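For reference, the chains in residue letters:
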Amino acid sequence: MKLFSKGICRGFGAVYLPFKANGDKLIPLAVETECGNSIPYSSFWNSEYGTIVFVLPLLQCEKIVFLFADNKNPRFEISNSVIKWQSRFNYKFNSAIAKQFRDIENDTYFGQIHVRCDVAVEVASDEAIILKGVVCFPSDFNVDDIYLIDGQASKLNDFDIWLGRPTPVDYCGFSRIERSFSIRLPKDGKTYCLVAADSEKNAEGFLNFDPAALSYMLEVNSPLFYKASSPAAYHDFFRMRSRSINAAELVSNSEINQDSLFSIVVPLYKTPVSYFRDMINSVVSQVYQNWELILVNASPECMELQKELGGLTDSRIKVITLEENKGIAENTNAGIAAAVGDYVVFFDHDDTLDPFALYRYAERIQDCPDTDALYCDEDFLNEAGEYVSPHFKSDFNLDLLRVHNYITHLLCVRAPFANELMLRKEFDGAQDYDFLLRLVERTQSIYHVREVLYHWRISDTSTAKSAGNKNYADEAGRKALQGHLDRCGLNGAAELTDSACFYHISYALNEEALVSIVIPNKDSVEVLRRCIDSIEEKTDYRNFEILVIENNSTEDVTFEYYRTVSEQYENVRIVTWNGPFNYSAINNYGVGLTSGKYLLFLNNDTEVIEGGWLSSMLSFCQREDVGAVGAKLLYPDDTVQHAGVMMIYCNNEGEMGGPIHVFNNLDRNDPGYMRRAVISQDLSAVTAACMMTKRSVFEELNGFNEDFEVAFNDVDFCLRVRSLDKLVVFDADALLYHYESFSRGYETGEKKVRFMREQGKLRTAWAEYYVNGDPYHSPMSTR
């Protein structure tokens, strides 16, 4: 027995120690730390060098001790420091050998237990990291022990490990089992290791979470949407765009007519000269040249600014000097009153524009002359001159606007609307929000330009930096929102939240109409029992009926439960579907046997968390402009399973695209990008695992499309709701657990064929979403 030193290496949280076998099997009795704690390991045969390679987790112990059934050499130990320096030496001078041993797990897949990480995401509020992945093992193994150890190989019993059900998979023609896991580790810089073992076969697999491996997992396996907004990614994106902008003179203005005159209104108040010059230059540098710039100076005592204004020579620039500062609303109104353009553009005094801002707006107006207002994406310009934190926005989103002024900049409004509405002084601090809310009461022909064309400066004097400190502005915004709700005849209360500039609306119910809850079921008695009991015991809103649609159950216990549950709860009925499984047909059949004004489609593997879920969904669904409402669904490990559905944009015909759940695997309280994982808003689709709709809408659409037997029927339904010009709302306040999806495996065989067939049907029916992308999420969301 001899250690083959040329092959010693470390990699991705593991240590690789090869021993010359000398014809012996070389199976250790134990592998331990210097303190006697058992270390998990896997062993692999390498025929080229005649070695057995032991793979162990890279722990924080000082030594690794092997105990062999060998009278001559019963004990072998090696320190982690020796391993570290030998590994560095080998990667430099014996790299081919070291890399061969490091990759031996990939070359020897069968007959082994493997653990991989698929998801790694930080939970900022808890200083924790959520890790999800899969334990994969041969189908004849019984991996009955999955546990966590620390850096000293001590077993930890205080950590909850969520495990999915074992799912058969086919790998290169071989049958294996996969079992999903989820665990939360403290972000404390320590090492942890997940171990999966089959005690009968004396086999172990592991995944080590040392700081370096965790850092790599967080980078590679992050589930976050809008990664393009990260500092490094956006820096590269902006650099590429800047190169394109440098060629702006190549754009011929003959490509677009110059019919629309833009009146850019800028209220000035003690504007720093350097910022003022940047702002002016960004307007003068516009590719589209038919504009007027109206500067309303409310600080005539500022002589340095006065000098700058006096030096302006462009005839398109008008200067209005006020005798006193009348506040942001009245100052802006003076500019609106002086404007002669077709559109009024609201521009802050210390911000800057992309050279193509007006050009893109004019393009849209030329293509769609009935456009009444426009806005664009934006970023922040920090004091170091860097462009950071882009806001990739939704297209017009009424319910999102009702909880947050996501539109903000660069707002451009048809002049008659601007003159009619003006800004209202009593809402200073949120005057733009009040203006927008009144605008959408008159028109919703509002277009979103999906480009970052506005740069919002962060400085000690800017609103971008001080927004979180302006309590008066929050209250002004709340009053503006309440006024909007009252004018729209919506019985709701606008409320402040813990987050500046974000609001919450509690809608009252106009009536207590009957809600029919439709639940298809096949066997799975305990799953169904949990679902029904949670509805009956936790739901505050009581005017509901539950219709369970029995389809193809075979277990006696199922039918016994059916007999007892309808006796236990008088509002529960059981009906039978006699045909083959077709989710759409089953639900359509069930609806015909209900009498509720509202329909709630619910999976049997859900569980109610909070009592207000049903009334909250109903409060949205009762609105005339709403056609469907979806809930926020959580995995049992308190991470997000569903916070709405988006349609992925295809860059070319070869990309798959299609629907995905947004913000899945985030912590339940993680706000997500621009807080969109925790606020109610309009979306293209929601899952029918928990979806409410009006009976009238359901009947107008002739129910679910029965061509979609299993998959995508909910997405198709929601997109048809949108085709009626009705909204699909994600209700972030309706919380339920959804268990099945946590442990669901991959589709195989005929099920996979059916899935792909139905995916093709969706692509055919709704090709515009694959080409144009989802209106409620930017194409940058998945980049």
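Residues numbered from 1 in each chain as written. Predicted model: local features only at pLDDT ≥ 70, side-chain atom pairs only at ≥ 80, totals over all residues. Heavy atoms only, no water.

Let's talk about the sheet that holds strand β7 (residues 63-67)
(1) Moving on: A sheet is described by the order of its strands in space; here three strands give the open sequence β4-β7-β8, paired in antiparallel fashion. Strands with a single pairing partner mark the edges of an open sheet, and in this sheet they are β4 (30-33) and β8 (75-79). Strand-to-strand twist of the sheet, defined as the mean angle between neighbouring strand axes without regard to direction, takes the value 20 degrees.
(2) Moving on: With five bridges joining them, β7 and β8 adopt antiparallel strand pairing. (Pairing = 2+ DSSP bridges. Helix = DSSP H or I, 4+ residues; strand = E, 2+ residues; numbered from the N terminus. Axes fitted to C-alpha atoms, helices over the stretch in contact; angles between N-to-C directions.)

Observations regarding the sheet that holds strand β17 (residues 203-209)
(1) Moving on: Strand order in the open sheet formed by four strands is β12-β11-β16-β17, and the pairing between neighbours is antiparallel. One side of each edge strand has no neighbouring strand; the edge strands of this open sheet are β12 (155-156) and β17.
(2) Moving on: Summarising the sheet, strand β16 (residues 192-198) and β17 pair through seven bridges and their orientation is antiparallel. If you follow V195 over to β17, its bridge partner there is F206.

Things to note about the pattern of salt bridges
(1) Moving on: The full count for this structure, using the stated rule, is 37 salt bridges.
(2) Moving on: Note that R623 and D399 form a salt bridge whose closest N and O atoms lie 2.7 Å from each other. Highlighted residues: R623 in the loop between α18 (613-621) and β34 (626-634) and D399 in helix α10 (residues 398-401), separated in sequence by 224 residues.
(3) Moving on: In this structure, the salt-bridge partner of R563 is E560, at a minimum N-O distance of 2.6 Å. (Salt bridge = Lys/Arg side-chain N within 4 Å of Asp/Glu carboxyl O.)

Let's talk about the packing of aromatic side chains
(1) Moving on: Evaluation of the coordinates by the stated rule reveals 40 aromatic pairs.
(2) Moving on: Judged by centre distance (5.3 Å) and plane angle (80 degrees), the ring pair of F12 and Y216 falls under edge-to-face. Of this pair, F12 sits in the loop between β2 (9-11) and β3 (14-20) while Y216 sits in helix α4 (residues 211-220), and the two are 204 residues apart along the sequence.
(3) Moving on: Note on F12: relative accessible area 45%, which makes it partly exposed.
(4) Moving on: A residue is classified by how much of its surface remains accessible, and Y216, at 43% relative accessible area, is partly exposed.
(5) Moving on: When the ring of W766 is compared with that of Y769, the centres are 6.2 Å apart and the planes differ by 70 degrees; the resulting orientation is edge-to-face.
(6) Moving on: The class of W766 is buried, set by a relative accessible area of 11%. (Phe/Tyr/Trp six-rings, centres within 6.5 Å; stacked < 30°, edge-to-face > 60°. Buried < 20%, exposed > 50% of the residue type's maximum accessible area, 1.4 Å probe, protein only.)

Digging into the state of the cysteines
(1) Moving on: With the rule as written, the count across this model stands at zero disulfides.
(2) Moving on: There is no disulfide at C117, and the cysteine sulfur nearest it, in C193, is 13 Å away. (Disulfide = S-S within 2.5 Å.)

Re unusual backbone geometry
(1) Moving on: The omega angle of the peptide bond from H409 to L410 is -25 degrees, so this bond is cis rather than trans.
(2) Moving on: We note that R675 has phi near 65 degrees; this positive angle belongs to a residue other than glycine.
(3) Moving on: In this fold, R675 is placed in the loop between β37 (658-661) and β38 (681-683).

Digging into the side chain of T51
(1) Moving on: Structurally, the position occupied by T51 is in strand β6 (residues 51-57).
(2) Moving on: Those residues in contact with T51, other than ones at most four positions away along the chain, are F4, P18, F19, K20, A21, F44, W45, N46 and F101. (Contact = heavy atoms within 4.5 Å.)

Here we look at the packing of helix α6 (residues 273-284) against helix α7 (residues 303-310)
(1) Moving on: Following both chains from N to C, one finds α6 and α7 inclined at 25 degrees, their axes separated by 10 Å at the closest point. By the angle between their directions, the pair α6 and α7 is classed as roughly parallel. Crossing angle aside, the handedness with which α6 passes α7 is right-handed. Contacts from V273, F276 and R277 of α6 reach α7 at E304, L305, E308 and L309.
(2) Moving on: A class-by-class count of the residues in the contact of α6 with α7 yields four nonpolar, no polar and three charged. (Parallel < 35°, antiparallel > 145°, perpendicular 65-115°, else oblique. Left-handed = near helix turned anticlockwise from the far one by under 90°. Nonpolar A, V, L, I, M, F, W, Y, C, P; charged D, E, K, R; others polar.)

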